[in-house]
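# Summary of structural features
Chain residues, written in single-letter form:
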Amino acid sequence: MACLNYWDGSTRVNVTKKISDIIARDKKVIMTTTRSEIPFVPAKGDGDFIYDVSGNKFIDFSSFIAVYNLGVNSSKAVHNAITSQAGRLMHSAFTDFYAEPPVRFAENLLTMFPKGFGRVFYSNSGTEANEAALKFSKLFTKRQYVLSFYNSFHGRTYGSLSMTSSRTVQREHFGPFNSAVHAPYAYCYRCPFGQEYPSCGMACVDYIKKYPLSKDVSPKEVAAIFVEPIQGEGGYVVPPKEFIAGLREIASDNGMALVSDEVQAGYLRAGKFLCMDNFGVEADIYTMAKAVGAGLPIGVTVTRSSLGSIRAGAHANTFGGNLVSIAAAEAQLTYVKNNLRHLEAESRQKGRHAMKRLEEMKERYELIGDVRGIALMIGMELVKSKKTKEPAASERDRVIRQCFENGLILLPAGDSSIRIIPPITVSQQSLDRGLSILEEAISSVNKSVG
Ligand SMILES: Cc1ncc(COP(=O)(O)O)c(C=O)c1O
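Read on for a plain summary of the structure. (Residues numbered from 1 in each chain as written. Predicted model: local features only at pLDDT ≥ 70, side-chain atom pairs only at ≥ 80, totals over all residues.)

## Details of the nonpolar core
Core analysis: the biggest nonpolar cluster contains 124 residues, and Val146, Ile225, Met377 and Leu408 have the highest contact counts within it. The biggest single contributor to this core is helix α10 (residues 323-338), with 8 residues. Ignoring anything within four residues of it in the chain, the contact list for valine 146 reads Leu134, Ser137, Met163, Ser179, Ala180, Val222, Ala223, Ala224 and Phe226. (Core = buried A, V, L, I, M, F, W, Y, C linked by C-beta atoms within 7 Å. Buried ≥ 20, exposed ≤ 12 C-beta atoms within 10 Å, placed from the backbone. Helix = DSSP H or I, 4+ residues; strand = E, 2+ residues; numbered from the N terminus. Contact = placed C-beta atoms within 7 Å.)

In structure tokens:
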């Protein structure tokens, strides 16, 4: 595979005929649901780097939507575990029969959770992990409603979509939805109450008590509060600690479960295995997916034992506990457990380094309105003017496009944000190189604003 050398800025990514042909074929037969206009056709991953089908080499600042937190196909142990399990038995009908690997993985996984967490439910994706949490919390409490937040993303199946409130295109024509009432999230850069933290006195927490839980539904009928400890798709929004603590209090005072959707923010992304730990709060149910299987599909819903158990047949799926996904998840978790302190420190140290450079860029460019994040879960919100904060959506897309052309993969989030989520294992050199490519693009697009 011939690799282009554009690291010195001399050669740009070459969108070959092979790439255009694959995209044209995709457009004919694949349902037109989500793919972007970026002509990226990955073929091979290796740690920090991705190679496309024509040998173009990229630095990855997307972790392929927060999945490859530990690098792309970089672990021999994961690879060996997958091939060895695939050679024995791939599927064990874990809904109906027993198997040791999913039990052993659950035992291991639970050691990563606070004391008192004792049940794991397996599925295949983030949305399914949230569907399970939704159904379980209703069963545990015998209540019918849930509270979730504007700007949130919990998935696209019906229960999760009822709670999702990120973009109308995700909900349009799909209603009516069930059981969720929404409240504003603590999005301090664009405070829905027009206030500033901390002088706001957490008006957003008060609002929940005064409005949704007084006017829409009785707290006695609310089974759970679903929250992303850092909003992902909604724009990489980091709330103040008091917001999450306030939700914990509301949930505890009213017999609701607090559900932490860690599908994107968990698994070391925000410097800790559980993102919630950054806020000093314990949830009652945690959901995870994306990074858990090192690239294979797996969702987990982990519940506090005291919530109870679910009667047989009330919820299940065919592939949950799939042996190959479990093998990958277990091999990766073994590595994570053996290196936890180091990985958490790495995520924080690299995050600090990236934040410092991004903050410096923010000072230099009108286009950058806000930079926020915890560890290596960082968002950069682009605006047409720092004063008006008008979202710079098309400029954001141009920045991402230009970065792609110069060998850096990025993903958007929210109205005008960019996610900066390289694998935690990213080398210092690739991190700096990626940030330089990003700055070059910001600098060039910045000329059109202000
Ligand atoms: C916080 C969060 N929850 C749930 C989901 C849904 O996960 P999946 O796409 O695996 O269904 C996502 C996906 O981006 C997410 O970010």
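## Some details on the packing of helix α3 (residues 76-88) against α10
It is the contact of α3 with α10, at a shortest axis distance of 8 Å, that shows an interaxial angle of 150°. Between α3 and α10, the angle falls in the class roughly antiparallel. Note on packing geometry: the crossing formed by α3 with α10 is right-handed. Across the interface between the two elements, Ala77, Val78, Ala81, Ile82, Gln85 and Ala86 from α3 touch Leu323, Val324, Ala327, Ala328, Glu330, Ala331, Gln332 and Tyr335 from α10. Along the lines of polarity and charge, the residues of the contact of α3 with α10 split into 11 nonpolar, 2 polar and 1 charged. (Axes fitted to C-alpha atoms, helices over the stretch in contact; angles between N-to-C directions. Parallel < 35°, antiparallel > 145°, perpendicular 65-115°, else oblique. Left-handed = near helix turned anticlockwise from the far one by under 90°. Nonpolar A, V, L, I, M, F, W, Y, C, P; charged D, E, K, R; others polar.)

## A short note on helix α9 (residues 241-253)
Helical periodicity: at 3.6 residues per turn, an α-helix aligns residues three or four positions apart in one direction. With 13 residues, α9 should cover 18 Å at 1.5 Å per step; its first-to-last C-alpha distance of 18 Å lies within 8% of that length. For α9, every residue scored as buried is listed here: Phe243, Ile244, Gly246, Leu247, Arg248 and Ala251. In this fold, the buried residues of α9 make contact with α7 (203-210), β7 (222-227) and β8 (257-261). Note on α9: the residue one or two positions beyond its end, glycine 255, has a positive phi of about 70°. (Expected span 1.5 Å × (residues − 1).)

## Quick look at the sheet that holds strand β11 (residues 368-374)
Strand order across the open sheet formed by 4 strands is β11-β12-β15-β14, with antiparallel pairing between neighbours. Among the strands making up the open sheet, the edge pair consists of β11 and β14 (411-413). Between one strand axis and the next, the sheet turns by 30° as a mean value, whatever way the strands run. Across 4 bridges, the pairing between strand β12 (residues 377-382) and strand β15 (residues 417-420) is antiparallel. Bridging across to β15, methionine 380 finds its partner in isoleucine 418. (Pairing = 2+ DSSP bridges.)

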